[in-house]
Amino acid sequence: MTKKHVLIGVCGGVSAYKACDLVSKLSKLDYEIKVMMTENATKFVPPLIFESLSHNSVEVDLFDPNNQDPITHITLAHWADCVVLVPATANVIAKVVHGLADDLLTSTFLACTCKKIICPAMNTHMYENQVTQDNLARARQLGYQVFEPVVGHLACDDTGKGKLPDVQDIVEVINQAFAMPLMLKGKKVLITAGPTQEPLDPVRFLSNHSSGKQGYAIGEAAYQMGAQVTIVSGPTSLKASQGIQVIPVQTAQEMFEAVKENYQSADFIIMAAAVADYRPEVVAENKIKKSDENLTIHMVKNPDILAYVGEHKTHQIICGFAMETQDLDENAKAKCIKKNCDILIGNNLFTKGAGFQGDTNVVSLVTQESIQHWPKQTKAELGKKILQAMIEIEKRQ
Ligand code: C5P
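The model shown is predicted, which means the values in this text are computed figures rather than measured ones.

Peer 1: Describe the sheet that holds strand β8 (residues 188-193), with residues and values.
Peer 2: Across the sheet, which stays open at both edges, the eight strands sit in the order β12-β11-β8-β13-β16-β17-β19-β20 with mixed pairing between neighbours. Strand pairing shows two members of the sheet lacking a second neighbour, β12 (245-248) and β20 (371-373), which therefore form its edges. Strand-to-strand twist across the sheet, computed as the mean angle between neighbouring axes with direction ignored, equals 15°. Of the strand pairs in this sheet, strand β11 (residues 228-233) and β12 are connected by four bridges, and their pairing is parallel. When the bridges of β12 are listed, S233 appears paired with P248. Strands in contact with helix α11 (residues 252-262) are β8, β11, β12 and β13 (268-271); relative to β8, the strand with the most contacts, it is inclined by about 175°.

This is the structure we're talking about:
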């Protein structure tokens, strides 16, 4: 098997020395490594170290008279399957998110169409400066993966966020990037996640045990695969990666409105939210007082968001979820057909390792024609597999 090509861009920060360890570790895995450096980086670490560790020449100068190739930056960009800036300095981050290309490293980065990972490391005040944060937000918008620095005692003696993460963790991020190629680049993915809360009065609501974990896991997988991701999220404690757009909602009606605004431009729609089927007809203006009588609440139906999207579908590939407590296969298949889904993920609440709150799920993948029973797996792994199944369906259309 041919080795995957990883291009490491080393910028001029103190932690440039850690990039040596990274190149050493990656070279021992199934990767071929090339290194490019800024002029400033060579003041911290001589290129020869990287040449020795990568067994390849190191590129620094766009106009190196000794270089036979007049367009090294384009050749390198074509060669790379993944480019990683380690450490990424505030200066280089600012340049690459604004399209500046005034040296070999930034020109190559601009010419790369592969997966781009940025590992910022710098003084904590430089990192927290709004300008740097705005540039990182732009980087995320552009689809670059930002692997955030950690909090620690920095070389400048300040303590705070800005330290390069453990080199082994950067290796893992690169491994992950190859485990999830950019299969959804240029695609829009819309996800509903979490529970809805249906208010009864100013202090009470009706809801369910959904944690949102499965929907968010699908969102993260789609983001890693290069998609533009929107999660319409009911109340949850989860945080999505910064490049993911989260539209927070409380009620089914609010979720419906947000989905109606976003579903037409989506290519893939995954409805993982546990939407309340009914809401109290009247929301009391004041707290409902306890009395000696029983309380009867009259409930009215909520809109079925998935059914609406299924009915109005044009080009979208749609995945619904069905949590059942009995006759899973029959119910899931009937639901898939009724709601005009391409895929329906069915799970049984009573199966060990399945359902709300936990980090694993046991599901059946149901289409209008077939049923596959999948073994227990993490919600993250399942997120990836659901998207892969949807991509396969899209290819067949
Ligand atoms: O019919 P049932 O509620 O079991 O269907 C579950 C699927 O429908 C899930 O994908 C859920 O997100 C979606 N749903 C919805 N709107 C509702 C109820 C369920 O989108 N009001």
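Peer 1: Can you break down the packing of helix α5 (residues 90-97) against helix α6 (residues 104-111) residue by residue, with the values?
Peer 2: The angle between the axes and the distance between the axes are what describe a pair of packed helices. Direction vectors running N to C along α5 and α6 enclose 40°, while the axes themselves pass 10 Å from each other. One element, α5, and the other, α6, form an angle in the oblique class. Handedness of the crossing formed by α5 with α6: right-handed. Of the residues in α6, those touching α5 at V92, K95 and V96 are L105, T106 and F109. For the contact of α5 with α6, a count of residues per class yields four nonpolar, one polar and one charged.

Peer 1: How would you summarise the side chain of T38 if you had to cite specific residues and measurements?
Peer 2: In this structure, T38 sits in the loop between β2 (31-37) and α2 (41-44). Look at T38 and you get buried, because its relative accessible area is 6%. Setting aside anything within four residues of it in sequence, one finds T38 in contact with V10, C11, G12, V60, V92, D103 and L105.

Peer 1: Break down the sheet that holds strand β5 (residues 145-146) for me, citing the residues and quoting the values.
Peer 2: Taking strand neighbours across the sheet as the criterion, the five strands line up as β2-β1-β3-β4-β5 in an open arrangement whose pairing is parallel. Both edges of this open sheet fall to β2 and β5, since each of them pairs with a single strand only. Two elements, strand β1 (residues 4-10) and β2, share seven bridges in a ladder whose sense is parallel. Counted as the bridge partner of L7 is K34 from β2.

Peer 1: Break down the state of the cysteines for me, citing the residues and quoting the values.
Peer 2: Applying the stated rule across the entire model yields zero disulfides. Cysteine C341 is unpaired, with the sulfur of C336 as its nearest cysteine sulfur at 5.3 Å. Under the relative-accessibility criterion, C341 is labelled buried at 2%.

Peer 1: Tell me what's going on with a nonpolar patch on the surface, and back it up with residues and numbers.
Peer 2: Taken together, the side chains of Y278, L295, I297 and M299 present a nonpolar region at the surface, about 360 Å² in accessible area. In this structure, M299 sits in strand β15 (residues 299-301). Residue M299 is classed as partly exposed on the basis of its relative accessible area, which comes to 31%.

Peer 1: Report on the nonpolar core, specifying residues and quantitative values.
Peer 2: Core analysis: the biggest nonpolar cluster contains 34 residues, and L184, I270 and I386 have the highest contact counts within it. Within the residue set of this core, elements represented by two or more residues are β8, α10 (213-224), β11, β13, β16 (317-324), β17 (343-348), β19 (363-366) and α14 (379-396). In terms of residues, this core owes the most to one element, α14, which gives seven residues. Beyond its immediate stretch of four places on either side in the chain, I386 contacts I218, C319, F321, I343, I345 and W374.

Peer 1: Explain the environment of T2 to me, and be specific about the residues and the numbers.
Peer 2: With respect to the helices and strands, the residue T2 is situated in the segment before β1. As a C-alpha pair, T2 and Y31 span 29 residues in sequence and 8.8 Å in three-dimensional space.

Peer 1: Just give me the short version of the packing of aromatic side chains, but keep the residues and values in it.
Peer 2: For the structure on display, the rule yields four aromatic pairs. Centre to centre, the rings of F109 and Y144 are 5.3 Å apart; their planes meet at 90°, and the pair counts as edge-to-face. Note that F109 is positioned in helix α6 and Y144 in the loop between α8 (130-141) and β5, a separation of 35 residues in sequence. With centroids separated by 5.1 Å and ring planes inclined at 85°, the aromatic side chains of F256 and Y308 adopt a geometry described as edge-to-face. Separated by 52 residues along the polypeptide, F256 in helix α11 and Y308 in helix α12 (residues 305-311) bring together distant segments of the chain. Ring pairs connect the aromatic residues F256, Y263 and Y308, which therefore count as one cluster. Taking the ring centre of W79 as reference, the NZ or CZ of K34 above it sits at 4.8 Å.

What counts, and where the lines are drawn
Residues numbered from 1 in each chain as written. Predicted model: local features only at pLDDT ≥ 70, side-chain atom pairs only at ≥ 80, totals over all residues. Heavy atoms only, no water. Pairing = 2+ DSSP bridges. Helix = DSSP H or I, 4+ residues; strand = E, 2+ residues; numbered from the N terminus. Axes fitted to C-alpha atoms, helices over the stretch in contact; angles between N-to-C directions. Contact = heavy atoms within 4.5 Å. Parallel < 35°, antiparallel > 145°, perpendicular 65-115°, else oblique. Left-handed = near helix turned anticlockwise from the far one by under 90°. Nonpolar A, V, L, I, M, F, W, Y, C, P; charged D, E, K, R; others polar. Buried < 20%, exposed > 50% of the residue type's maximum accessible area, 1.4 Å probe, protein only. Disulfide = S-S within 2.5 Å. Patch = residues over 30% accessible without salt bridge, like charges linked within 9 Å, V, L, I, M, F, W, Y side chains within 5 Å. Areas by Shrake-Rupley, 256 points an atom, 1.4 Å probe, with all protein chains shown as cover. Salt bridge = Lys/Arg side-chain N within 4 Å of Asp/Glu carboxyl O. Core = buried A, V, L, I, M, F, W, Y, C linked by side-chain atoms within 4.5 Å. Phe/Tyr/Trp six-rings, centres within 6.5 Å; stacked < 30°, edge-to-face > 60°. Lys NZ or Arg CZ within 6 Å of the ring centre and 35° of its normal.

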